[in-house]
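Spelled out, the chains give:
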Amino acid sequence: PFTLALLGVIFVVFVAELIKGAPRDPDVLDQMGAIIRGVVQRGDYWRLIAAMFLHGSFMHLALNMWALWQIGGIFETLFGSVRFLLTYFVSGIIASLVSSILIPQGTPGVGASGAIFGILGALIVALKRSPRWSQREWSGSLSRQLAIIGRVQDPPRVAVEVGVRRLRVHRLHHLHRAAVAAP
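Residues numbered from 1 in each chain as written. Predicted model: local features only at pLDDT ≥ 70, side-chain atom pairs only at ≥ 80, totals over all residues. Heavy atoms only, no water.

Caption draft 1: Here's a closer look at the packing of helix H5 (residues 58-79) against helix H6 (residues 81-102). Two elements in contact, H5 and H6, have axes separated by 7 Å at closest approach and are oriented at 135°. If you check the angle between H5 and H6, you find them oblique. Here Leu68, Gly72, Phe75, Glu76 and Phe79 of H5 lie close against H6, whose contacting residues are Ser81, Arg83, Phe84, Thr87 and Tyr88. Here the residues of the contact of H5 with H6 are counted per class, giving five nonpolar, three polar and two charged. (Axes fitted to C-alpha atoms, helices over the stretch in contact; angles between N-to-C directions. Helix = DSSP H or I, 4+ residues; strand = E, 2+ residues; numbered from the N terminus. Parallel < 35°, antiparallel > 145°, perpendicular 65-115°, else oblique. Contact = heavy atoms within 4.5 Å. Nonpolar A, V, L, I, M, F, W, Y, C, P; charged D, E, K, R; others polar.)

Right under this line is the structure:
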């Protein structure tokens with residue numbers, strides 16, 4: 001049930017973004033809580049969570065919602081809501097921290113990718129280590145499929161027009177997010 005609740009919140013936040021014009025204006029994304037270089041040094045800790053609910057375009061939103069629905073739904077069903085929420089938020093916060101260091105100056109970072117990749121990594125590891133699930137016929141196949149999805153989820157570079165500026169989503173940003181949950 002929490003997977004669907006998160007999807008609902010993410011969608012409502014995107015509607016608010018549309019109303020405020022955020023997808024076309026990086027400054028509005030910044031005001032709404034995007035990750036920007038140096039947020040931790042300035043004490044803007046609230047952005048570490050807020051950015052997980054913001055998205056730069058409809059396509060960005062759709063892909064993240066689809067991934068969360070698929071991967072989050074499996075994780076929550078197999079391992080429970082508490083573990084799901086803990087993994088989602090811890091992964092997302094750590095990914096936001098790393099992004100705040102690696103993101104280019106003047107580029108707002110948004111999206112649930114860090115949290116989703118954290119769930120993906122945790123799901124793969126949990127399926128392999130779980131006494132309950134590791135011996136199931138389907139778990140090895142599912143783990144391999146999830147690992148492949150994690151490697152090819154996004155092209156090396158996707159540029160999304162946002163007004164005059166471009167938000168760049170690099171494979172590096174998603175790779176550090178995937179590493180959050182892996183041992």
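Caption draft 2: Layout of the pattern of salt bridges. Under the counting rule described, the total for this entry stands at three salt bridges. Two residues, aspartate 44 and arginine 42, come together in a salt bridge whose shortest N-O distance is 3.7 Å. Judged by its relative accessible area of 19%, aspartate 44 falls in the buried class. When the shortest N-O distance is used, the salt bridge between arginine 47 and aspartate 44 registers 3.3 Å. Like arginine 47, the residue aspartate 44 is buried in the burial classification. Residues participating in the shared-partner salt-bridge network are Asp30, Arg42, Asp44 and Arg47. (Salt bridge = Lys/Arg side-chain N within 4 Å of Asp/Glu carboxyl O. Buried < 20%, exposed > 50% of the residue type's maximum accessible area, 1.4 Å probe, protein only.)

Caption draft 3: Examining H5 more closely. Along its 22 residues, H5 runs 30 Å from first to last C-alpha, staying within 8% of the 32 Å computed at 1.5 Å per residue. In H5, a bend of some 25° at glycine 72 exceeds every other bend along the element. Within H5 the residues assigned to the buried category are His60, Leu61, Asn64, Met65, Ala67, Leu68, Ile71, Gly72, Phe75, Glu76, Leu78 and Phe79. Count one or two residues on from H5 and you reach glycine 80, which has phi positive near 95°. (Expected span 1.5 Å × (residues − 1). Bend = angle between axes of the 7 residues up to and from the residue.)

Caption draft 4: Spotlight on the nonpolar core. Membership of the largest hydrophobic core comes to 27 residues, with the highest contact counts inside it found for Ile10, Leu68, Phe75, Phe79, Tyr88, Ile119 and Leu123. At the level of secondary structure, the elements contributing two or more residues to this core comprise helix H1 (2-20), H5, H6 and helix H7 (113-129). Of the residues forming this core, the biggest block, 10 residues, is contributed by H7. Grouped together as the second largest cluster of nonpolar side chains are seven residues, Ala22, Val28, Met32 and Val110 included. (Core = buried A, V, L, I, M, F, W, Y, C linked by side-chain atoms within 4.5 Å.)

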